[in-house]
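# Chains, contacts and geometry: an overview
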Amino acid sequence: MRTPKAMIVGLVLCPCGLLLTLVGTMTPSWRQVSLVPEQPSDLVLEQGIWELCSERQSSHQRHCGQADELGYFEEVPVQVARGLMPTSLVLTLLGLVVATLGVRCWQEEPRHPVAGAAGLVLLLSGLLSLLPVSWYTHELWALPATAGSTLAAGYSLVLSYLGSCLEILGGLALTLSFHRCCKKRRAPRYPPGPVREPGPPSNTYNNPWDVLEDERDGRSWKSTLPCDSDL
């Protein structure tokens, strides 16, 4: 039996979402601060949920581990992202393991309830990562920064958004397995039909020549159908 298309879509989207979410969680570029007053014009500060970095665009010199002088890491959106993003990654790994056991591409028949349960887990993991990303985006300009500087969303925030959406879509695709499972249960079950025992061949005529030969040989058959000779 071929693997259903919905399961294939889920198994393709969820690992891609996991990879994007992992990169977005680990990289320190959720917010970019540029044109900082009393600083070189080519200096860009990159802020993540784990560390702070600064880069000179002219020389591409990058320094990470900057001191948090404004209390950036103490803000609630950053603390929530620190807790929910790793939780989402763990749930995504768990959901992929369960999905692999449910889809079972190496078997003829997949386990639809197991695949559907994996879809629910992956859907939950996508929502857990989408929540802190959305909150951080909403509070992007309210988080502490030097007055007069320019703020912008970093690539880590964008990757986390994309990864969360892919996980949600993949989880929804896998949850469609519940529909296949319920459809099988609702299908009517008919009792087995009677088994016909082999009996003697019926006395039937295949062509007019057999009728004429039987009449010539004097054979009489009990037939309810008229023959050509009777007309």
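Residues numbered from 1 in each chain as written. Predicted model: local features only at pLDDT ≥ 70, side-chain atom pairs only at ≥ 80, totals over all residues. Heavy atoms only, no water.

We now examine the confidence of the model for the protein chain. Put simply, the protein chain has an average pLDDT of 81, and 75% of its residues get 70 or more. Considering each helix and strand of the protein chain separately, the mean pLDDT is smallest for helix 6 (residues 208-217), with a value of 57, and largest for helix 4 (residues 155-175), with 94. (pLDDT = per-residue confidence, 0-100. Helix = DSSP H or I, 4+ residues; strand = E, 2+ residues; numbered from the N terminus.)

Scanning all chains against the criterion turns up one disulfide. The residue that forms a disulfide with Cys53 is Cys64, at a sulfur-sulfur distance of 2.1 Å. Negative torsions about the S-S bond denote left-handed disulfides, and the value of about 105° found for Cys53 with Cys64 makes this one right-handed. Of the two residues, Cys53 is situated in strand 3 (residues 52-56) and Cys64 in strand 4 (residues 61-64); the sequence distance between them amounts to 11 residues. Free of any disulfide, Cys14 has its nearest cysteine sulfur in Cys16, 9.2 Å distant. Here Cys16 falls in the partly exposed class, since its relative accessible area comes to 39%. (Disulfide = S-S within 2.5 Å. Buried < 20%, exposed > 50% of the residue type's maximum accessible area, 1.4 Å probe, protein only.)

Among the secondary structure elements, Ser58 is positioned in the loop between strand 3 and strand 4. Sequence separation between Ser58 and Ser41 is 17 residues, and the spatial gap between their C-alpha atoms is 9.7 Å. At a separation of 2.4 Å, a polar atom in the side chain of Ser58 contacts the side chain of Asp42. (Polar contact = N/O pair within 3.5 Å; in protein donor to acceptor, adjacent residues only side chain to side chain.)

Here we take up a nonpolar patch on the surface. Taken together, the side chains of Leu22, Met26 and Trp50 present a nonpolar region at the surface, about 310 Å² in accessible area. Along the chain, the position of Leu22 falls in helix 1 (residues 5-26). (Patch = residues over 30% accessible without salt bridge, like charges linked within 9 Å, V, L, I, M, F, W, Y side chains within 5 Å. Areas by Shrake-Rupley, 256 points an atom, 1.4 Å probe, with all protein chains shown as cover. Salt bridge = Lys/Arg side-chain N within 4 Å of Asp/Glu carboxyl O.)

For Ser177, the location among the structural elements is in helix 5 (residues 177-186). Side-chain polar atoms of Ser177 contact the backbone oxygen of Leu174, separated by 2.9 Å. Residue contacts for Ser177: discarding those within four places in its chain leaves Met7, His112, Ala115 and Gly116. (Contact = heavy atoms within 4.5 Å.)

With 28 residues, helix 2 (residues 76-103) should cover 40 Å at 1.5 Å per step; its first-to-last C-alpha distance of 39 Å lies within 8% of that length. Residue Arg104 follows helix 2 closely and has a positive phi angle near 50°. (Expected span 1.5 Å × (residues − 1).)

One pass over the full model with this rule turns up three salt bridges. Salt-bridge contacts for Arg56 lead to Asp42; the nearest nitrogen and oxygen are separated by 3.0 Å. Here Arg56, found in strand 3, pairs with Asp42, found in the loop between strand 1 (31-34) and strand 2 (43-47); they are 14 residues apart in sequence, far enough to count as distant. By relative accessible area, Asp42 is classed as buried at 15%. In this structure, the salt-bridge partner of Glu46 is Arg62, at a minimum N-O distance of 2.6 Å. Of this pair, Glu46 sits in strand 2 while Arg62 is found in strand 4, placing the two residues 16 residues apart along the sequence. Glu46 sits in the buried class, given a relative accessible area of 7%. Linked by salt bridges that have partners in common, Glu46, Glu55 and Arg62 make up one network.

Attention shifts here to the packing of aromatic side chains. Aromatic ring pairs are defined here through the distance separating the ring centres and the angle between the ring planes. Here the structure, examined in full by the defined rule, presents two aromatic pairs. Between Trp30 and Tyr136 the ring centres are 5.1 Å apart and the planes differ by 80°, which places this aromatic pair in the edge-to-face class. Of this pair, Trp30 sits in the loop between helix 1 and strand 1 while Tyr136 sits in helix 3 (residues 112-138), placing them 106 residues apart in sequence. A residue is classified by how much of its surface remains accessible, and Tyr136, at 0% relative accessible area, is buried. Consider the rings of Tyr72 and Phe73, whose centres lie 5.3 Å apart with planes at 65°: the pair is edge-to-face. Among the residues examined, Phe73 registers a relative accessible area of 12% and is labelled buried. (Phe/Tyr/Trp six-rings, centres within 6.5 Å; stacked < 30°, edge-to-face > 60°.)

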